[in-house]
Amino acid sequence: MAVLFLSETYAFTQTSLITNIAMDDNPEAQIRLNFNITMLDLHCDFVSVDVLDSLGTNRQNITKNIEKWQIDGDGMRRVFSGRNREVRELAHEEHEETLEQLHSNGVHAIPLTKDTFDNFVAENDAVFVNFFAPWCVWCQRLHPTWEKFAEQMESERVDIRVATVDCIAEMDLCRKVGIRAFPSLRWYEEGNHVQPDYKQDRTVSALAGFTKRKRDMSQKHRSMLADGKKRSKNSVQGRPDHPGCQVSGHLMVNRVPGNFHIEAKSKNHNLNAAMTNLTHVVNHLSFGEPLENRSRKVKRVLNRVPDEHKNFSPLDNELFSTETFHNAWHHYIKVVSTHLNMGKSDYDKVTTYQFLEQSQIVHYNVDDVPEARFSYDISPMSVIVEREGRKWYDYLTSLCAIIGGTFTTLGLIDSIFYRVFKTKKL
């Protein structure tokens, strides 16, 4: 009896974890989506975050609550690229003369091929190259300006050679030097590519001013070298400009099926689909208020929940690599609202979001620019996780049953012994 009594008492003081499924009655119209994703081979200048959903929402290049960091070759954050703000449209010049008319007195911007490129860059002290594609609208607008700029540099006897490379005809060369957008205006000095690429206005005056500043800077470095001062590596090769970007922030999305995707896009370039590599690392992806921003109450409740009910961010720290071009990873996410009721008071109740995901590689057409897509669907059902203990009346009933059963058992035993051992009459 004592053992049964202690067992029932111990069971009464303990609680068990149970789960139920019910319709999600969350009245909120939107849900917060938190993300931190590193694009290992896509420059911050070309990263665009877009959102689409079944209600017709179509937000392009979202700028609110999103930050970009340029990363180094090891994937570490190096330069803060600022909040994702609207990109300024570069100024272009309109010319009355056609490119053929400008070539009437000779071609001043030297066309280069894979056979002549390396020698041309190595033999000249400074070279400014326009990598273009004939079908690119921005390249077509730049052609007359680039030719006039080259002619002006010749007439002013500036120590610079201006050249062009047709990336359709010289596809292998452009792939070798890593051209990801058209036009790409690159500066070469002493045979080396000086980073970053030119990103200012595309006018003759802007190009000429940039060129003269670069040449003046080069002369100053040479004077320093002649005076015996050490010349830094960056004085020739420029600031390292690794084509990687960490984009992070949060989005407020409608509680309907939709997707957000990271795409290579630019207001001032046409992207080279053949060189768009969307290999990425999902550093963090979750729904709802981030756990690190939550109160002690929430953290205390979460500490009482087993790990099998904490599937809040299963994609964290996962690498999704594409081995070939024209491919990209698509992620399919099923979000389930989870109510954690660890006690009877509201202080012990927390609403979180778990999700399951499936990822696969999708192939794109040759002319289409790939995108890393995260499709989500909010489940209409919710999971309720709560702790349940025994009711007091159940405990009392069990105690009464133990006491009654004990007395009944003892009575049966006493009756048996009485019948066995009682003295028989003669």
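Everything here concerns the structure above.
Residues numbered from 1 in each chain as written. Predicted model: local features only at pLDDT ≥ 70, side-chain atom pairs only at ≥ 80, totals over all residues. Heavy atoms only, no water.

Trainee: Teacher, can you tell me more about the nonpolar core here?
Mentor: In a soluble, globular protein the nonpolar side chains are often hidden away together inside. Membership of the largest hydrophobic core comes to 39 residues, with the highest contact counts inside it found for F35, L251, F260, L285 and F287. Contributing elements (two or more residues each) for this core: β2 (30-39), β3 (47-53), β13 (245-254), β14 (258-264), β16 (280-287), β18 (327-341), β19 (349-363) and β20 (371-389). Looking at which element gives the most residues to this core, the answer is β2, with five residues. Here L251 is in contact with I31, R32, L33, F35, V49, V51, I62, I66 and F260, once residues within four sequence places are set aside. Ranked by size, the runner-up nonpolar core spans 20 residues in total, among them F120, W138, C167 and F182. (Core = buried A, V, L, I, M, F, W, Y, C linked by side-chain atoms within 4.5 Å. Buried < 20%, exposed > 50% of the residue type's maximum accessible area, 1.4 Å probe, protein only. Helix = DSSP H or I, 4+ residues; strand = E, 2+ residues; numbered from the N terminus. Contact = heavy atoms within 4.5 Å.)

Trainee: Explain the packing of aromatic side chains to me, please; I cannot follow it from the model alone.
Mentor: For any pair of aromatic rings, the description rests on two quantities: the centre-to-centre distance and the angle between the ring planes. Within the structure shown, the criterion is met by 16 aromatic pairs. Ring geometry for W135 and F182: centres 5.8 Å apart, planes at 85°, overall edge-to-face. Residue W135 is found in the loop between β8 (126-132) and α4 (137-155), and its partner F182 is found in strand β10 (residues 181-182); the two are separated by 47 residues along the sequence. The exposure class assigned to W135 is partly exposed, which follows from its relative accessible area of 46%. Three or more aromatic residues joined by ring pairs make a cluster, and in this case those are F128, W146, F149, W187, Y198 and F210. (Phe/Tyr/Trp six-rings, centres within 6.5 Å; stacked < 30°, edge-to-face > 60°.)

Trainee: Would you take a moment to explain the state of the cysteines for this structure?
Mentor: Linking two cysteines covalently through their sulfur atoms gives a disulfide. Enumeration over the complete set of coordinates arrives at two disulfides. A sulfur-sulfur separation of 2.0 Å characterises the disulfide bridge that pairs C167 with C174. Sign of the S-S torsion, about -85° for the bond between C167 and C174, identifies this disulfide as left-handed. Residues C167 and C174 agree in their burial class; the two are buried. The connectivity of the disulfide bonds within the protein can be written as 1-4, 2-3, using the sequence rank of each bonded cysteine. (Disulfide = S-S within 2.5 Å.)

Trainee: I'm lost on the side chain of H250 in this one. Help?
Mentor: Along the chain, H250 turns up in strand β13. In terms of polar contacts, H250 uses its side chain to reach the side chain of R32, at 3.5 Å. When near neighbours in sequence (up to four residues on either side) are disregarded, H250 contacts R32, L33, N34, F35, K64 and N65. (Polar contact = N/O pair within 3.5 Å; in protein donor to acceptor, adjacent residues only side chain to side chain.)

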